[in-house]
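What follows is each chain in one-letter form.
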Amino acid sequence: MTAKVIDGKAFAANVRAQVAEHVAKLKADKGITPGLAVVLVGEDPASKVYVKNKHASTIEVGMESFEHRLPAETSEADLLALIDRLNADPAVHGILVQLPLPKHLDSELVINRIDPAKDVDGFHISNVGLLGTGQKSMVPCTPLGCLMMLRDHHGSLAGMNAVVVGRSNIVGKPMAQLLLGDSCTVTIAHSRTKDLAEVCKRADILVAAVGRPEMITGDMVKPGATVIDVGINRIERDGKAKLVGDVHYDSAAAVAGAITPVPGGVGPMTIACLLANTLTACCRANGLAEPKGLTA
Ligand code: GUN
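Here the structure is a predicted model, which means the values were calculated and not measured. (Residues numbered from 1 in each chain as written. Predicted model: local features only at pLDDT ≥ 70, side-chain atom pairs only at ≥ 80, totals over all residues. Heavy atoms only, no water.)

Chemist: Could you clarify how one ought to interpret the nonpolar core in this entry?
Modeler: Side chains of a nonpolar character, in soluble globular proteins, are inclined to be buried together. Grouped together as the largest cluster of nonpolar side chains are 55 residues, with contacts concentrated most on V19 and L179. Taken together, the elements giving at least two residues each to this core come down to α1 (8–30), β2 (35–41), α6 (141–154), β5 (161–165), α7 (172–181), β7 (205–208) and α10 (267–285). Of the residues forming this core, the biggest block, 11 residues, is contributed by α10. If sequence neighbours within four positions are ignored, L179 has contacts with L150, L157, A162, V164, C184, V186 and V207. Within the second largest apolar cluster, 21 residues are counted, among which are A3, L206, M220 and A253. (Core = buried A, V, L, I, M, F, W, Y, C linked by side-chain atoms within 4.5 Å. Buried < 20%, exposed > 50% of the residue type's maximum accessible area, 1.4 Å probe, protein only. Helix = DSSP H or I, 4+ residues; strand = E, 2+ residues; numbered from the N terminus. Contact = heavy atoms within 4.5 Å.)

This is the structure in structure tokens:
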């Protein structure tokens, strides 16, 4: 079997187009422009690239982008004061504090200071609890993107065996909650799981989010399964820099029914879902109906 390649780049472009259409309508009908505030503390080169891309994408869909770049030595009190101002600002519907923060800042304290209704990352402890109890919440962007692609490919996910490899708060755990919400039978596997290959091989849906290059190989994939590769690992091969996922693509694609590539799979969906979450937050803040197909 040769797997169908799930084109995340095209999917994300479609999500962004849907968001842009909703934004245009909100502006025309209600005079409301959704606004996203992104806070970057320090000079981490990767974070700077992410923030730049987020800004460009936000503008592209017609939203307001508020960028706050603070020096690495910013005090916790100053950062919390900025978050308080953004929480109180009616033009700001979504707030994202780029992680990782410099070591002297307490990430949990900072994230939990964000108004949960504006927490477009879905990292606030209230949103984690709401998601875990099946209530309306803000959902972390990467797992939301994976869910959208899975629903698009399969329609209903009910009754499917889903295995999530990885137990991070950002991807693994919320991904498992979302799949459970769609009535999958869910297993969370991780680095200490016994017989990982055998566990993975039971999966109709296999989500790899471990952060280890090409760890999931074709012999661990059930024939016909859908493989979602969340990993983005920079490696060097044959003297060249290369981007690979957590899945060994060629061997897995030979067995799977469908697979996301790296790059061009899950990656582009993260920013698209950040924009979708900002739109959702804006609609909720204004008592308007949420955009269909762009939420969990
Ligand atoms: N750093 C890397 N990815 C993310 C993300 O999705 N959200 C935030 N806030 N920081 C990140």
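Chemist: Looking at this model, I keep getting lost on the layout of surface pockets. Mind explaining?
Modeler: Empty space left among the atoms is revealed by rolling a probe the size of a water molecule over them. In this structure, the largest pocket occupies an estimated 1300 Å³ of space. Around the largest pocket sit 47 residues that line it, and Y50, T142, I232, G267 and T270 are the ones nearest its centre. When contributions to the lining of the largest pocket are tallied by element, the ones reaching two or more residues are α1, α2 (45–60), β4 (94–97), α6, β9 (233–237) and α10. At 7 residues, the largest contribution of residues to the lining of the largest pocket is made by α2. Residues of the lining of the largest pocket, tallied by class, amount to 26 nonpolar, 13 polar and 8 charged. Space inside the second largest pocket adds up to approximately 490 Å³. (1 Å grid on protein atoms, 1.4 Å probe; cavity = no way out; pocket = protein on both sides within 12 Å on 5 of 7 lines; lining within 4 Å. Points joined across faces, edges and corners; volume = space filled by probe spheres on them. Nonpolar A, V, L, I, M, F, W, Y, C, P; charged D, E, K, R; others polar.)

Chemist: Hey, could you run me through the pattern of salt bridges in this one?
Modeler: As a working rule, side chains carrying opposite charge can pair if their charged atoms are close by. Across all of its chains, the model carries 10 salt bridges by this definition. Notably, a salt bridge pairs E290 with K136, separated by 3.0 Å at the nearest N-O pair. Of this pair, E290 sits in the segment after α10 while K136 sits in the loop between α5 (125–132) and α6; the two residues are 154 residues apart in sequence, bridging distant segments of the chain. Exposure remark for K136: the relative accessible area of 59% places this residue in the exposed category. Of the charged contacts, one joins E214 and R237 as a salt bridge, the two residues approaching to 2.6 Å between their closest N and O atoms. Of this pair, E214 sits in the loop between β7 and β8 (226–229) while R237 sits in strand β9, and the two are 23 residues apart along the sequence. The buried category is assigned to E214, whose relative accessible area is 18%. Each of the salt bridges in this network shares a partner with another, and the network as a whole consists of K136, R284 and E290. (Salt bridge = Lys/Arg side-chain N within 4 Å of Asp/Glu carboxyl O.)

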